[in-house]
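Fold and geometry: a report
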Amino acid sequence: MNSGLFSHPERFMEEHISNVLELGLKFADNIENIEKNKLLKDILSIILFSHDLGKSTEYFQKYIKGNNSVNKELRKHSLLGAVIGLYLTDRYLKKQNIDNKFLLILSYILPKRHHSDLEDFMYDFTLDDSEIEALEKQIKSIDKEKFKKFFNNLIFENKEIFLFDFNEIDLKQIQKLLRELKTFVRKEIREKQNLEYYINTLLFYSLLLDADKSDVGIKTDKKILFKQQDIKPSIVENYVKNLNKQNNLLYKLREKAYNEIENQEIDLSQKLYTLNLPTGMGKTLLSFKYALKIADKFKQEKGKDLRIIYVLPFLSIIEQNYKVIENVLKHNNINVDTNLMLKYHHLTGLNYRDEEETLDYDSSRILIEGFNSKITITTFMQFFYSILGNKNKMIRKFHKFTNSVIILDEVQSIPTRYWLLIKQLLNSLSEKFNLYVIYTTATLPDIFINGRNLIREEGYFNQVNRYKIEVDLKPKTISEFCNSLQLENDKSYLFILNTVSSAKDVYNYLKERYPNEVIYLSTHVVPKERLERIEILKAKNKRIAVSTQLIEAGVDVDFDVVYRDFAPLDSII
């Protein structure tokens, strides 16, 4: 018999919280740091259990049934869930004779913030008299018989760690404990600035968020969250064998680089790699091949799947690299559905296909935003905001990175002020979890050279000195520059300008003189049209291109002559 308490429209609380417990702990089973640690699993269970207990109040029950006139403050549920989480964790730790204030902090903060974003901890540990008064009213309103039925209907093996009576909760004692935790935050967390606190907060927060949102949002069988895809590294070999062989230096160097990657043994204790090769060496295929080798070795030795997450700075090269990997999969007769490979950025449609079925919008959105694919190709923003930030929506997928190979392409495109922070955070994540990082670029900043280089660089860079740089130090107006141009009919030209307006001016000038030969690229061109124009350039159907800097980061096009507006040396290189 159901409890009569609802967590969502037409969903009973016991069903939702049982499912959140199951999903959250199943996510955590893939994370060795939690999987083998009973203390952490029990605290995570308390957090998952308590997050929605505030919905058992009479005020929320009236509201969920359609009564919108219920007092807004009294129908809120997160603070009461946080208080219960803190009470249960404090009781649990005392029984185990464990002093761990950080776990107390997590058990309070995470239920409190599961519908909002994380904030500075210092602002969350103040419980004023008006909040205590509201909590007292909420607790008093709870139908104890219904709550007892809810508890009896809850599906969980270790329910004794949850068993409590609302009369046991002394809000004045909770208030005192929160003051102690605030002092701990100020003296320990703020002063020591230990990354462990940050990483563990995001980890537990993401486990709660993903379990909660997945249970509510995914209307299909939840097994889709744990569907494993086994892809062998040999698929790249099969694809490469089919490519047309060419008798030139560039092709021979590509072949040499591929063979170096192919013949390397995998050491799973090595977490950080660099792939620093000149443009044109096929870094997309090489890094994908090595990521598959790591994932295959991990599956053989650990019995678990690793995700592959390919991270790029711009939409134009996301489409380009997605196509390369899609071609590899299709060449091997592999059905490319969304469960296998996902392309995700802010313009991605929310259609999730699993085998032949396209899922409903809510299920698709939850699965896509949660990076629920074997291979995900995404932007710097999606990845870095998920490991560096406080946003609920972004942090939700943090735990997915704990068993993954991250390919960071064109890493030099990250603003320099973030380099040290990103390096330290990725180093810490790789040490703590099964997270492997491959930095790949033709111009790798020294600060990221902190792992094993997959290729002996000297055998490549010194053989592809294919260009010379001429520097004109005399400033020119756009008009003077255009009037000085003398383009040869048998050569192709690329013009890279620093601003959209200057790029338009140069384009308009050239368009008048070469009406059928010039094409324009900038972020003001909608992405679909921009990608079509890049394909035209790749096919060499236009010999003159005018662009902003968007073309610099890995867009696969060739020109005989490049004119570059005033720029720092790394952009020119």
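Scroll up to find the structure this text is about.
Residues numbered from 1 in each chain as written. Predicted model: local features only at pLDDT ≥ 70, side-chain atom pairs only at ≥ 80, totals over all residues. Heavy atoms only, no water.

A few points about the side chain of S364
Relative to the assigned elements, S364 resides in helix α16 (residues 361–369). Accessibility expressed as a relative area gives 0% for S364, which makes it buried. Those residues in contact with S364 that lie beyond four places of it in its chain are L350, N351, Y352 and L359. (Helix = DSSP H or I, 4+ residues; strand = E, 2+ residues; numbered from the N terminus. Buried < 20%, exposed > 50% of the residue type's maximum accessible area, 1.4 Å probe, protein only. Contact = heavy atoms within 4.5 Å.)

Some remarks on the sheet that holds strand β15 (residues 561–564)
Pairing within the open sheet is parallel, and its four strands lie in the order β13-β14-β12-β15. The open sheet has two free edges, formed respectively by β13 (518–521) and β15, since each of these has just one partner strand. When the angles between neighbouring strand axes are averaged without regard to direction, this sheet yields 15 degrees. The pairing of β13 with strand β14 (residues 544–547) spans four bridges and is parallel. The partner of I519 across the bridge, within β14, is A545. Lying on the sheet, helix α22 (residues 500–513) is in contact with β12 (493–496), β13 and β14; it crosses β13 at an angle near 170 degrees. Of the strands in this sheet, β13 and β14 are in contact with helix α23 (residues 527–538), which crosses β13 at around 140 degrees. (Pairing = 2+ DSSP bridges. Axes fitted to C-alpha atoms, helices over the stretch in contact; angles between N-to-C directions.)

Here's the deal with the packing of aromatic side chains
For the coordinates displayed, the defined rule picks out 26 aromatic pairs. For the ring pair F49 and F151, a centre distance of 6.3 Å and an interplane angle of 90 degrees mean the geometry is edge-to-face. With F49 in helix α3 (residues 38–50) and F151 in helix α9 (residues 144–153), this residue pair connects regions lying 102 residues apart in the sequence. The two residues F49 and F151 agree in class, both being buried. Judged by centre distance (5.4 Å) and plane angle (45 degrees), the ring pair of Y507 and Y520 falls under tilted. In this pair, Y507 is assigned in helix α22 and Y520 in strand β13, connecting sequence segments 13 residues apart. Y520 shares its class with Y507; the two are buried. Among the aromatic residues, those joined into a cluster by ring pairs are F49, Y87, F147, F150, F151, F156, F162, F164 and F166. If you follow K271 out to its NZ or CZ, it ends over the ring of Y436, 5.4 Å from the centre. (Phe/Tyr/Trp six-rings, centres within 6.5 Å; stacked < 30°, edge-to-face > 60°. Lys NZ or Arg CZ within 6 Å of the ring centre and 35° of its normal.)

Side note on the nonpolar core
Counting residues in hydrophobic clusters, the biggest one holds 111 residues, and the most contacted among them are F49, Y108, F150, F164 and L408. Not counting chain neighbours up to four residues away, the residues in contact with F164 comprise F49, L53, I84, Y87, L88, R91, F147 and I169. (Core = buried A, V, L, I, M, F, W, Y, C linked by side-chain atoms within 4.5 Å.)

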